[in-house]
Amino acid sequence: MLLILVIYAIVKTVQSGASTGTKVLWIIILLLIPFIGFILWLLLGPKGGANTL
């Protein structure tokens, strides 16, 4: 279950409008500390997708 959530967070991070450095940082956090990283991503992660109006 955690793996699915982390993969979801990574995909949403890649699709976000955040800078490349921010995306890389979030992906590293999600991979190194998946449980805490996912919670932090939910609270503080990049918002919005690339296709938002």
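These notes cover the structure that comes with them. Computed from a predicted structure; not experimentally measured.

Moving on, we come to the nonpolar core. With seven residues, the main nonpolar core is built from Val 6, Ala 9, Ile 10, Trp 26, Leu 30, Phe 38 and Trp 41. Those elements that provide at least two residues to this core are α1 (2-15), α2 (20-32) and α3 (34-44). No other element matches α1, which puts three residues into this core. With sequence-adjacent residues up to four places away left out, Ile 10 is seen in contact with Ile 27, Leu 30 and Leu 31.

With that settled, consider the packing of aromatic side chains. For the structure shown, the criterion picks out two aromatic pairs. On the numbers, 6.1 Å between centres and 85° between planes, the contact of Tyr 8 with Trp 41 is edge-to-face. Of this pair, Tyr 8 sits in helix α1 while Trp 41 is found in helix α3, placing the two residues 33 residues apart along the sequence. One aromatic cluster in this structure is built from Tyr 8, Phe 38 and Trp 41.

It is worth spelling out α3 at this point. Along α3, the residues classified as buried are Gly 37, Phe 38 and Trp 41. Along the axis of α3, the buried residues cluster in a sector spanning 100°; they form a single face. In α3, the exposed positions that point more than 90 degrees away from the buried face belong to Phe 35, Ile 36, Leu 43 and Leu 44.

Right, let's get into the packing of α2 against α3. Two numbers describe how α2 lies on α3: the axes approach to 6 Å, and their chain directions differ by 145°. For the pair α2 and α3, contact is made by Trp 26, Ile 29, Leu 30, Leu 31 and Leu 32 and by Pro 34, Gly 37, Phe 38, Leu 40, Trp 41 and Leu 44, respectively. When grouped by side-chain class, the residues that make up the contact of α2 with α3 number ten nonpolar, one polar and no charged.

Each value, and the rule that gives it
- Residues numbered from 1 in each chain as written.
- Predicted model: local features only at pLDDT ≥ 70, side-chain atom pairs only at ≥ 80, totals over all residues.
- Heavy atoms only, no water.
- Core = buried A, V, L, I, M, F, W, Y, C linked by side-chain atoms within 4.5 Å.
- Buried < 20%, exposed > 50% of the residue type's maximum accessible area, 1.4 Å probe, protein only.
- Helix = DSSP H or I, 4+ residues; strand = E, 2+ residues; numbered from the N terminus.
- Contact = heavy atoms within 4.5 Å.
- Phe/Tyr/Trp six-rings, centres within 6.5 Å; stacked < 30°, edge-to-face > 60°.
- Arc of directions from axis to C-beta.
- Axes fitted to C-alpha atoms, helices over the stretch in contact; angles between N-to-C directions.
- Nonpolar A, V, L, I, M, F, W, Y, C, P; charged D, E, K, R; others polar.

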